[in-house]
Amino acid sequence: MEPMTVGQIAAAVDGVWLNPRENAPAVTAVCTDSRSLAPGCLFLPWVGERFDGHDFIDAALEGGAAGCLCARAPETLREDRFYIQVADTRLALKALASAYRERFCIPVVQVTGSVGKTTTKEMIAAVLGARFKAWKTPENYNNDVGTPLTLLGLAKEHEAAVIETGMNHAGEIEYLTDMVKPDVAVISNIGDAHIQNLGSREGILEAKCEIFTHLKKDGLVVLNGDDALLDTVAVPFRTVRCGKSEHCQARITEISDHGVEGIRCTVATEKDRYPLDIPAPGEHMAYAAAIAVAVGEALDLSREEIVRGAAAYVPAGSRMRVLRLPGRRMLLDDCYNANPQSVAAALEILARTECDKRVAVLGDMGELGDIRNRAHYNMGALAAMLGVDLVFAVGSGELAGKIADGVALSGGSVQYFPTKEEALPELRRQLGPGTVMLVKASHAMKFEWLVERLQKT
């Protein structure tokens, strides 16, 4: 974060500096957690359903914060710290990030979608990184806290930015887009994630299309051209569709799947043809690559830069991370999150991987509403039909139990465990020589705990 004076911060958030003084230090960081403060930062107390960060203001200031925003001012104000009173700290963080973003005249790409947001963000950032010093959303900072903190991480050396935005309710993408103010808006696809809150895929589409509300007037829209719902989108912006269909302006051809080593494909546009080597498994990676090609062309990257950038892609976190273990064993760590589309893609990668035995460890998928039982059953059935040798269904009897039913009734082999702790000993026993084991569930299941322990097997 570039320095902001206390006066500039107060003006940006429409706040009142309660104890103004001369020579107050400029702020170069914003923190919302009193347990992880940057020296001299601005502390912003977050208010949640079960906590109120205002209770930790004194601890934050004692711990090194230079000052704070507050909707509820402490009874006693320290003379060596500043206090800016605001009506609502959440809205103040948005206002601060929005004002700060206006300092940067650089191309900003905003990414949303039901599946593959982070993969698409990372691929675009890899391609842009072949020419620009590109800033990107770190980790999973894609909500109403993470997005403003990401924007506040912009610095003068950055020449482009790729900002990922997530949602689980209507109105959230518009709230975030109002801060991001993108030059390029990307939607990776429309799936079933968060259908419990939005009612239908059409409701999800409407919520995702909020990304267009604050797109620059001369902005670019990049869409998955093989997504039936996204194909219905018509907006008054230049639009590039990416996919295998003939109507796509960035068309994917000549895909060759090399299993866990990655894929090769060609993306053809009106301008050029791009032969891409992508060092990550799964044919779905071609969509992220095609989207990155469209963005790269729009920002005038050369053919060589786009090809080189795609080859430099590195998966983020537990998103189809390939972990090689002694004895020709392999873990496919894809446990960051799960929904029907991403589980199906992961199972297909497992099925195409050359090995002696294929094992899938599948857990609960969240926020699926009325389709949850059918979706879990179908995942189990798909694993059996793809020839997975053994499925571990781990989690609640209502959801993981349906996975087990789907496997068993489709002729597959399955073991059910209510908890990951109970499953671990048998998982270790089954992870023998020549085995590839996929680990996949919603983030709330915390299957990374299993991955950490299985790596030591």
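Before reading further, recall that the structure is shown in the block above.
Let me begin by describing the structure that accompanies this report. All residue numbers refer to position in the chain's written sequence, counted from 1. In keeping with the predicted nature of the model, local features appear solely for residues at pLDDT of at least 70, side-chain atom pairs appear and are counted solely at 80 or more, and the whole-chain, interface and lining totals rest on all residues. Each side-chain value is derived from all of the structure's non-hydrogen atoms; neither hydrogens nor water enter the calculation.

Here's the deal with the overall build of the chain
Secondary structure elements follow DSSP: runs of H or I of four or more residues count as helices, runs of E of two or more count as strands, with numbering from the N terminus. Across its full length, the chain carries 15 helices and 20 strands. Its C-alpha radius of gyration of 24 Å places the chain within 12% of the 23 Å reference for a compact globule of 457 residues. Principal-axis analysis of the C-alpha atoms gives the chain an extent of 75 × 55 × 40 Å. The burial tally for the chain puts 55% of its 457 residues in the buried class. In what follows, a contact means two residues having at least one pair of non-hydrogen atoms within 4.5 Å. Long-range pairs, those at least 24 residues apart, make up 64% of the contacts in the chain between residues at least 6 apart in sequence. In this description the radius of gyration comes from C-alpha coordinates, and the expected globular size is given by 2.2 Å times residues to the power 0.38. Working definition: with a 1.4 Å probe on protein chains only, accessible area under 20% of the residue-type maximum means buried, over 50% means exposed, and in between means partly exposed.

With respect to the sheet that holds strand β5 (residues 82-85)
An order of β1-β5-β4-β3-β2 is seen for the 5 strands of this open sheet, with the pairing classed as mixed. Strands with a single pairing partner mark the edges of an open sheet, and in this sheet they are β1 (16-17) and β2 (30-31). In this structure, strand β3 (residues 42-43) lies alongside strand β4 (residues 67-70), joined through 2 bridges in parallel fashion. Of the residues in β4, the one forming a bridge with Leu42 is Gly67. Being paired, for any two strands, means DSSP has found at least two bridges between them.

Concerning the sheet that holds strand β14 (residues 273-278)
Here we have 9 strands laid out as an open sheet, ordered β7-β8-β6-β9-β10-β11-β12-β13-β14, and mixed in their pairing. Unpaired on one side and paired on the other, β7 (134-136) and β14 mark the two borders of the sheet. Ignoring strand direction, the axes of neighbouring strands in this sheet form an average angle of 20°. Looking at chain direction, strand β6 (residues 108-112) and strand β9 (residues 184-187) are connected through 4 bridges and run parallel. When the bridges of β9 are listed, Gln110 appears paired with Ala185. Orientation is described by axes fitted as lines to C-alpha atoms, over the contacting stretch for helices, and by angles from 0 to 180 degrees between their N-to-C directions.

So, the nonpolar core
Among the nonpolar cores identified, the biggest contains 49 residues, and Ile187, Phe212, Leu332, Leu347, Leu362, Val391 and Leu438 are the most heavily contacted of them. Excluding residues within four positions of it along the chain, Leu362 makes contact with Val343, Leu347, Val391, Phe392, Ala393, Val394, Ile403, Leu438, Lys440 and Phe447. The next biggest cluster of nonpolar side chains, apart from the first, holds 41 residues, and it includes Leu128, Val184, Ile278 and Ile291. In this description, a nonpolar core means a group of buried Ala, Val, Leu, Ile, Met, Phe, Trp, Tyr and Cys residues linked to one another through side-chain atoms lying within 4.5 Å.

Quick word on unusual backbone geometry
The phi angle at Asp300 is positive, at roughly 65°, despite the residue not being glycine. Inspection of the secondary structure puts Asp300 in the loop between α9 (285-298) and α10 (303-311). Asp300 sits in the exposed class, given a relative accessible area of 54%. Phi is positive for Glu367, close to 60°, though the residue is something other than glycine. Looking at Glu367, the relative accessible area reads 31%, which means it is partly exposed.

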